[in-house]
2 protein chains.
Amino acid sequence: MKKSVLRKYAHLIATVGVNVKRGQEVFIYAELDQPEFVRMVAEECYKAGAARVNVEWSDQALACLHTRRRSQKVLSTLTSYELEKWKYQAEVLPCKIYLMSEDPDGMAKVNQKKVAAAQQAKMKLIKPIRDKMEDRYQWCIAAVPGAAWAKKVFPHLPKGKAIEALWEAILTTSRVTDDPVAAWEEHNRDLHDRCEYLNGLGIRELHYTSKNGTDFRVRLMDESIFAAGGEYTLTGNYFNPNIPSEEVFTSPKRGEAEGIVYASLPLSYNGQLIENFSVRFENGKAVEVHAERGEGVLREMIAMDEGAAYLGECALVPYASPIRESGILFYNTLFDENAACHLALGRGFGGCVRDHEKYSLDELREKGVNDSIIHVDFMIGTEDLDIDATTKDGRVVPIFRKGNWAF
Amino acid sequence: MKKSVLRKYAHLIATVGVNVKRGQEVFIYAELDQPEFVRMVAEECYKAGAARVNVEWSDQALACLHTRRRSQKVLSTLTSYELEKWKYQAEVLPCKIYLMSEDPDGMAKVNQKKVAAAQQAKMKLIKPIRDKMEDRYQWCIAAVPGAAWAKKVFPHLPKGKAIEALWEAILTTSRVTDDPVAAWEEHNRDLHDRCEYLNGLGIRELHYTSKNGTDFRVRLMDESIFAAGGEYTLTGNYFNPNIPSEEVFTSPKRGEAEGIVYASLPLSYNGQLIENFSVRFENGKAVEVHAERGEGVLREMIAMDEGAAYLGECALVPYASPIRESGILFYNTLFDENAACHLALGRGFGGCVRDHEKYSLDELREKGVNDSIIHVDFMIGTEDLDIDATTKDGRVVPIFRKGNWAF
């Protein structure tokens, strides 16, 4: 990929993505796949005024090795210096940039129970710190091609060509045009208008139906609002948490969802694929799951903690989204979630409550925002998906018809 | 390079190098150049019984960027979590493996004064912790080829071939034979015999002369002993701190060295080359330096702290060493120091005092072991170097004649 194009993408991530402010600190999380691009992002952060940029490299192959070779006890231990890093971040509130490039299937051979137990143990220490940081720092997830991921998406291309094709797909769907900053401004205006309309309706419940068997009702909170694209930290810094982002989303009310949903795309969770699956809800809780592949992983996932079986997000994405229209199945949630309507199990968004800045995190959770150590999107949008809203005053308003916006 | 050969090298580093014991923790420090090999070393450490292996990746290009872009204050700050990691290590005493692959000239363009000031500031916090760990943990420095380093060593080869040639050179000089473990056992026996002979002489002073102008006398401590190859931690774990290693070395007595030495090889310090230089000593201290290239860097180096201008090591390496005979100039101290007799400015070795385990670090320093935050070897061995020892009972014994052992 041409350096000048990559430079624009790096600039987009640093400015529109996390929107680094003068004097801020930045953490960049990256695999070893694209060091030159990682250096570009670091440089763009410095140019934007960052006082200190830290790059934290990781390696999925080593993560597999550690999982296999460490005892459950060692794997579950958060070292004193890892904990100190979380505390430091809660204090400093750095911008966090996550550059995803992992093989979506790269952890297929590791013991998922062992991974889950380790995450649960470490999260006991991390979660209170992460809660403290919630909505207080800018973050952005974006992607760069890894070789194994590229081969998964373009299995018939040789490695080099597959990487190039994945770069192309990432840059196009991320709106890295001649002027990506302007493209994102326009895109954010569109998304904002959709939210305004939906928030004006006073929606009480959404009802999803599709010929694939999906028939599902979910209740929103009285104060649920729809959000999309860019958002603000509680300290007033604007940022775009996902590049790309096509979704309009809200947090539903915990404990009020009924019916069954069928996944329309595979899901990569902790480097393991789950395919052709369904989830049935009763009283808001996932009570029955089936999957042709990865059912065990799915069961582990919804058992991570109490909130892992409840919903944290309902997101609306038209079937005509540019990412779905690219015809590429990315096997990566950052992209696939923007190709189809989806739900998320786990943690909800306090920011999807009207005037959320007036409430504490505990108050937001009392209102019905779900809490969990996980937040996992799974795709349910289809070509024929209909969604109807029932408003607080009893009207039924069509939101989606045949997979696309009905308004 | 063939995977089976690299596997032997990885095994050598894990077993003969740091000699990981069951249940120990390991830190591996590596640049991004050879991730597959780094994974092999991690795996060999686990196989040897490591409970936890941590890989700490770094990137010289990012180090340059940070140095340029961070303010002096930010660059000089050790964060709370970095400090906590040092404390953790002083507690856990992990094995440390350093896999060098940096461009010897990679930091040429950064402000060396800024780097030095930052190191000095951070070392104030790190040094007491590092002193606490001294002689208590196993460590090993070994090398893997980086692209820029390979091109520096083999400028006429294209990149891929240069990397392959550097692998070949590293593996040959590191004695990665069919049975590297046996080769190292035999090599260590040879080095041990040399030390026994030298330690039996009761050497008081060494006198170096060469036609290049070197004429230099250095006094040893009454209890100085020569060491080489493998050594023991205070807790009794055997390890080989350098792969390769050809030197027989001791710590001289701080404050007693007179005369001038001329460097016989370039020196890469903090990613900057110093070439064709000389150092003149008075009362043990470097009082005058000249260099055709990098004189400023050399001056910064000896001004790092009070001990940086005093000697910490005298090492004897025959001109007929296999590394010198390879005819390759590595521009890397790990190799070049094993191609020629050398001295080191800065920190001395407490382990080079007879019965050192009976003394505290402070007591060892009182005996004349130099202290500093730096320890930098520079090469003075030539084809015609003569070294004479004056013993405590007044005999003059030839140690080197024409660059090689005289016994």
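Reading guide: rules and limits
Residues numbered from 1 in each chain as written. Chains lettered and ligands numbered in written order. Predicted model: local features only at pLDDT ≥ 70, side-chain atom pairs only at ≥ 80, totals over all residues. Heavy atoms only, no water. Helix = DSSP H or I, 4+ residues; strand = E, 2+ residues; numbered from the N terminus. Rg over C-alpha atoms; globule rule 2.2 N^0.38 Å. Buried < 20%, exposed > 50% of the residue type's maximum accessible area, 1.4 Å probe, protein only. Least-squares fit on C-alpha atoms with pLDDT ≥ 70 in both. Contact = heavy atoms within 4.5 Å. Core = buried A, V, L, I, M, F, W, Y, C linked by side-chain atoms within 4.5 Å. Salt bridge = Lys/Arg side-chain N within 4 Å of Asp/Glu carboxyl O. Polar contact = N/O pair within 3.5 Å; in protein donor to acceptor, adjacent residues only side chain to side chain. Nonpolar A, V, L, I, M, F, W, Y, C, P; charged D, E, K, R; others polar. Expected span 1.5 Å × (residues − 1). pLDDT = per-residue confidence, 0-100. Pairing = 2+ DSSP bridges. Axes fitted to C-alpha atoms, helices over the stretch in contact; angles between N-to-C directions.

Explain the overall build of chain A here, please?
Of regular secondary structure, chain A possesses 13 helices and 20 strands. Against the 2.2 N^0.38 benchmark of 22 Å for 407 residues, chain A shows a C-alpha radius of gyration of 20 Å, consistent with a compact globule. Along the first, second and third principal axes, the C-alpha set of chain A runs to 55 × 50 × 50 Å. Taken over 407 residues, chain A has a buried fraction of 57%.

Explain the relation of the copies chain A and chain B here, please?
For the pair of chain copies, the relating transformation is a rotation about an axis with a translation along it. After a rotation of 180 degrees and a shift along the axis of 0.0 Å, chain A superposes on chain B with an RMSD of 0.0 Å. Read as a symmetry element, the transformation amounts to a two-fold axis. Taking the C-alpha atom as reference, chain A places A:Y81 closest to the rotation axis, 2.7 Å from it. When the interface residues of chain A are mapped onto chain B, 100% of them again fall at the interface, so both copies present the same face.

Is there a simple way to think about the nonpolar core in this case?
For soluble globular proteins, nonpolar side chains are generally found buried alongside one another. Residues A:Y9, A:F37, B:Y9 and B:F37 are the most contacted members of the largest nonpolar core, which totals 106 residues. Every residue in contact with A:Y9, bar those within four places of it in the chain, is listed here: A:F37, A:A142, A:A143, A:W167, A:I170, A:L171, A:S174, A:V176 and A:I243.

So what exactly am I meant to see when it comes to the interface of chain A and chain B here?
Interfaces are frequently sized by the accessible area removed from exposure as the parts join. Taken together, the 30 residues of chain A in the interface contact 30 residues of chain B. If you look at where chain A meets chain B, you find 5 salt bridges. In this structure, the salt-bridge partner of A:R68 is B:E43, at a minimum N-O distance of 4.0 Å. For the pair chain A and chain B, the number of links is 12 residue pairs in polar contact (both at pLDDT 80 or more). Of all the elements in the fold, those that place two or more residues in the side of chain A that touches chain B are α2 (35-47), β2 (52-58), α3 (60-69) and α5 (80-92) of chain A. Residue composition of the side of chain A that touches chain B, by class: 15 nonpolar, 5 polar and 10 charged.

Is there a simple way to explain helix α2 (residues 35-47) of chain B in this structure?
Because an α-helix packs 3.6 residues into every turn, residues spaced three or four apart end up facing the same way. A rise of 1.5 Å per residue sets the reference length of α2(B), with its 13 residues, at 18 Å; its end C-alpha atoms lie 18 Å apart and thus fit the reference within 8%. Buried within α2(B) we find B:F37, B:V38, B:M40, B:V41, B:A42, B:E43, B:E44, B:C45 and B:Y46. Buried residues along α2(B) sit in contact with α3 of chain A together with α1 (3-17), β1 (25-31), β2 (52-58), β3 (95-100) and α8 (159-173) of chain B. In the segment just after α2(B), B:G49 is the residue with positive phi, at about 115 degrees.

Any chance you could explain the confidence of the model for chain A here in plain terms?
Predicted coordinates in regions of low pLDDT should not be interpreted in detail. Overall, the prediction assigns chain A a mean pLDDT of 96, with 100% of residues at 70 or greater. This complex was scored by the predictor with a pTM of 0.93 and an ipTM of 0.92.

How do you make sense of the pairing of strand β6 (residues 215-220) of chain B when you look at a structure like this?
Every other side chain in a regular strand lies on the same face of the sheet, so the side chains alternate between the two faces. All names here are of chain B. Where strand β5 (residues 203-209) and β6 come together, 5 bridges link them in antiparallel fashion. Residue pairing across strands places Y208 opposite F216, the latter belonging to β6. What sits between the antiparallel neighbours β5 and β6 is a turn of 5 residues, in which G213 has the positive phi angle 115 degrees. The pairing of β6 with strand β11 (residues 252-262) spans 5 bridges and is antiparallel. The partner of F216 across the bridge, within β11, is G259.

Is there a simple way to think about the sheet that holds strand β3 (residues 95-100) of chain A in this case?
Within a sheet, neighbouring strands are paired by backbone hydrogen bonds and run either parallel or antiparallel to one another. Residue and element names in this part refer to chain A. An order of β2-β1-β3-β4 is seen for the 4 strands of this open sheet, with the pairing classed as parallel. Unpaired on one side and paired on the other, β2 and β4 (139-143) mark the two borders of the sheet. Each neighbouring strand pair of the sheet contributes to a mean axis angle of 15 degrees, computed without reference to strand direction. Relative to β3, strand β1 (residues 25-31) runs parallel, the two sharing 5 bridges. By the bridge assignment, Y29 is partnered in β3 with Y98. Along the sheet face, α2 touches β1, β2 and β3 and points at about 160 degrees away from the line of β2.

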